[in-house]
Amino acid sequence: MKLFSVIGMLTVGFCGCQARVEPPEFTSSAEIESLPAELKPEARKVLRQHAGTFASPVLVTNDGSTSSSTLKLGQAIYQERCVQCHGVSGDGNGPVANQMYPRPRDYRKGVYKFTSTPYGSKPVRADLVRTVMKGIRGTSMPSFKLLPPQEIEAVVDYVLVLTHRGELEEQIAVLADFDEEVDPELFEEESLPLIKQLWAQAAGSQVVPLSPQPVFTRGHVSRGKEAFLSKGCSKCHGEDGRGQNAENLAGSFKDRWGNVTRAADLTAGMLHGGQRPIDVYRRIYSGINGTPMPGFASAFQQEPETLWDLVAYVLHVTNTRRMGIGHLPGPISPYVPETPESGDAAE
Ligand code: HEC
Ligand code: HEC
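Presented here is an overview of the structure given in this document.

Within the protein chain, the regular secondary structure consists of 13 helices and zero strands. Long-range contacts, defined here as pairs at least 24 residues apart, represent 64% of the contacts in the protein chain between residues at least 6 apart. Accessible surface computed for the protein chain: about 18400 Å², of which carbon and sulfur atoms make up 56%.

Residues in contact with ligand 1 amount to 23 residues; listed here are only the nearest, Cys82, Cys85, His86, Lys113 and Met141. A distance of 2.8 Å separates an oxygen atom of ligand 1 from a polar atom in the side chain of Lys113. Within the backbone of Phe114, a nitrogen or oxygen atom sits 2.9 Å from an oxygen atom of ligand 1. Elements that contribute at least two residues to the shell around ligand 1 include exactly α5 (83-86) and α6 (125-134). Residue contributions to the shell around ligand 1 peak at three residues, all from α5. Here the residues of the shell around ligand 1 are counted per class, giving 14 nonpolar, five polar and four charged.

In a soluble, globular protein the nonpolar side chains are often hidden away together inside. By size, the foremost hydrophobic cluster in this structure holds 40 residues, and its most contacted members are Tyr78, Tyr158, Ile172 and Val182. Broken down by secondary-structure element, the contributors of at least two residues to this core are α3 (40-51), α4 (68-81), α6, α7 (149-179) and α8 (184-203). A total of 12 residues in this core trace back to one element, the largest contributor, which is α7. Among residues more than four places away in sequence, those in contact with Tyr158 are Phe26, Phe54, Pro57, Leu71, Gly74, Gln75 and Tyr78. Membership of the second largest hydrophobic core comes to 28 residues, among which are Val221, Leu266, Leu271 and Leu310.

So, about the coordination of the iron atom of ligand 1. For the iron atom of ligand 1, the full set of protein donor atoms is His86 (NE2) and Met141 (SD), at a range of 2.0 to 2.2 Å. Angles of 87 to 179 degrees at the metal separate the six donor atoms of the iron atom of ligand 1, which places the site in the octahedral class. In this pair, His86 sits in helix α5 while Met141 sits in the loop between α6 and α7, placing the two residues 55 residues apart along the sequence.

Right, let's get into the site of ligand 2. The environment of ligand 2 is made up of 22 residues, and the closest members are Cys233, Cys236, His237, His272 and Met293. Interatomic distance of 2.7 Å between a backbone N/O atom of His272 and an oxygen atom of ligand 2. Separating an oxygen atom of ligand 2 from a backbone N or O atom of Gly273 is a distance of 2.9 Å. The element that contributes the greatest number of residues to the shell around ligand 2 is helix α10 (residues 233-237), accounting for three residues. The class makeup of the residues in the shell around ligand 2 is 14 nonpolar, six polar and two charged.

Moving on, we get to the packing of aromatic side chains. Inspection of the entire model under this criterion finds nine aromatic pairs. Considering the side-chain rings of Phe26 and Phe54, the 5.9 Å spacing of their centres and the 75 degrees angle between planes classify their relative orientation as edge-to-face. Residue Phe26 is found in the loop between α1 (2-15) and α2 (30-33), and its partner Phe54 is found in the loop between α3 and α4; the two are separated by 28 residues along the sequence. Judged on exposure class, the residue Phe26 and its partner Phe54 are both buried. For the pair Phe228 and Tyr313, a centre-to-centre distance of 5.2 Å together with 55 degrees between the ring planes defines the contact as tilted. Here the residue Phe228 occupies a position in helix α9 (residues 218-230), and Tyr313 occupies one in helix α13 (residues 304-322), the gap between them amounting to 85 residues. In this structure an aromatic cluster arises from ring pairing among Tyr78, Tyr107, Tyr112 and Tyr158. Sitting over the ring of Tyr101, Arg262 keeps its end group 5.6 Å from the ring centre.

Before going further, it helps to examine the coordination of the iron atom of ligand 2. Protein-derived coordination of the iron atom of ligand 2 comes from His237 (NE2) and Met293 (SD), at a distance range of 2.0 to 2.2 Å. Here the iron atom of ligand 2 is ringed by six donor atoms whose angles at the metal span 89 to 179 degrees, and the overall shape comes out octahedral. A residue pair is termed long-range when its members are at least 10 positions apart, and His237 in helix α10 and Met293 in the loop between α12 (277-286) and α13 qualify at 56 residues. With respect to class, His237 is no different from Met293; both count as buried.

Thresholds applied
- Residues numbered from 1 in each chain as written.
- Chains lettered and ligands numbered in written order.
- Predicted model: local features only at pLDDT ≥ 70, side-chain atom pairs only at ≥ 80, totals over all residues.
- Heavy atoms only, no water.
- Helix = DSSP H or I, 4+ residues; strand = E, 2+ residues; numbered from the N terminus.
- Contact = heavy atoms within 4.5 Å.
- Areas by Shrake-Rupley, 256 points an atom, 1.4 Å probe, with all protein chains shown as cover.
- Near = heavy atom within 4 Å.
- Polar contact = N/O pair within 3.5 Å; in protein donor to acceptor, adjacent residues only side chain to side chain.
- Nonpolar A, V, L, I, M, F, W, Y, C, P; charged D, E, K, R; others polar.
- Core = buried A, V, L, I, M, F, W, Y, C linked by side-chain atoms within 4.5 Å.
- Buried < 20%, exposed > 50% of the residue type's maximum accessible area, 1.4 Å probe, protein only.
- Donors = N, O, S within 2.8 Å, 3.2 Å for Na, K, Ca; no water.
- Tetrahedral: all angles 85-135°; square planar, octahedral: opposite > 155°, others 65-115°.
- Phe/Tyr/Trp six-rings, centres within 6.5 Å; stacked < 30°, edge-to-face > 60°.
- Lys NZ or Arg CZ within 6 Å of the ring centre and 35° of its normal.

Structure below.
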C-alpha cells in the first residue's frame, strides 16, 4: 500500500500530471430510465433545463437569493462530506450505504422524516439545518456542528438542489408515462409551480403544541403509560416500548423508500428525531413522514394534555436505559426532570 502511494507520488512528481478523473454526473431515476426510448432524451432535456447539471446545478425554488457560487460551495462540501452515503444524485446509494440501517436518505422523493411541520408536509429549512448540525442519533448520520454556519447553509442549499431535481424527475416520469409525450410547457406551468408551492406552504406551518408544555411529574409519566397501552402505541412499539413484538421483529413494516423499517425501540436512549420534549411531541403529533409511524394530531384534539403525558412517558423510558438501569417491567419509578426544557425556546 505504502509503496504504491510513494510510486504514485513520484510519478506525479516526474510528469507533473495526475490521472484524469472524470467529473461526476447526475444519474437519472429508475422511473426516467424505464420510459419508452423515444421519450427519454426529451425528459432528460427538460430536467437539465430546470435542475441543471452537476457542472452547473440549479436550485428549482431559487427566488434569486441563492447565488451560483453558494451552490458550488455547497456542492464541494457535499462531495467531500456527504456523497459517500447520500450519493452524487442524492439517491441515498453512496458507496458505503449498503451496510446501513436505516439507509441514508434518498432525497429525491422530497420526503423528510424529522420535521417540525404537520404530517405529509415538506420540512422547513431550519429542520434540515438542524439535522445537519445535530446529526441523527442512533443512525450513521453524523453531526456537522463543527462546520462554519455558512458551509452548513450552503450544503443545505445543495441538498435542496438534489431534492427538487428528484421531485421534478418524478413528475416528468409520471406525466410522460401518462401522456406518452414530454410537453415542456406542462412542467413550466404545473410541475415547477407545484413544487415551489408545497415548499412555500411548509414554511408557515410549523406545529405549535395544542397546550403549553407542563413541568413533568410522575403523574404525567403514569398517565402517559396508560395512554401508550390504550391508544395503540404498544401495538407497534410493544408494551414496554422496546419494539420486541412479533410483527415488528418480522420486518413486515416498509418505508416510503422501499426499505424494511421497525417501530423504534423507545428505550434505547437514541431518539432519532431529537431529545427535547418538543421533538418527541412533534413525532407523536405529526407522525414520521415516509414511515408507518402515524400522526396522532386528530386523535388527541379533545385531550391535548395526553400528548404531553405520552411525551413524559417516552422521555421516561428512554432515560431509564440511557442511565444503564435497563428497562424494568412493572411500575414506573418517579420521574421529574431537573431542568424542564421549554420547547421552542431551546431551538
Ligand atoms: C456515514 C453516512 C452519512 C453521511 C456521511 C451523511 N449522512 Fe445524512 N443521513 C445518513 C443516514 C443513515 C440518514 C437516515 C437516518 C434515518 O432515516 O433515520 C441520513 C439522513 C439525512 C437527512 C434526512 C433527515 C430527515 O429528516 O429525513 C439529511 C437532510 C441529511 N442526512 C443530510 C446530510 C448532509 C448534508 C451530509 C453531509 C454534510 C450528510 N447527510 C452526511 C447517513 C449519512
Ligand atoms: C403502525 C405502527 C406504529 C404505531 C401505532 C405507533 N408507532 Fe411510533 N413509530 C413507528 C415506527 C415504524 C417508528 C420509526 C420510524 C422511523 O424512523 O423509521 C416510530 C417512531 C416513533 C417515535 C420516534 C422515535 C425516535 O427515534 O425519535 C416516537 C416518539 C414514537 N414512535 C412514539 C409513538 C407513540 C407515543 C405512539 C402512540 C400514540 C406510537 N408511536 C404509535 C410505528 C408506530
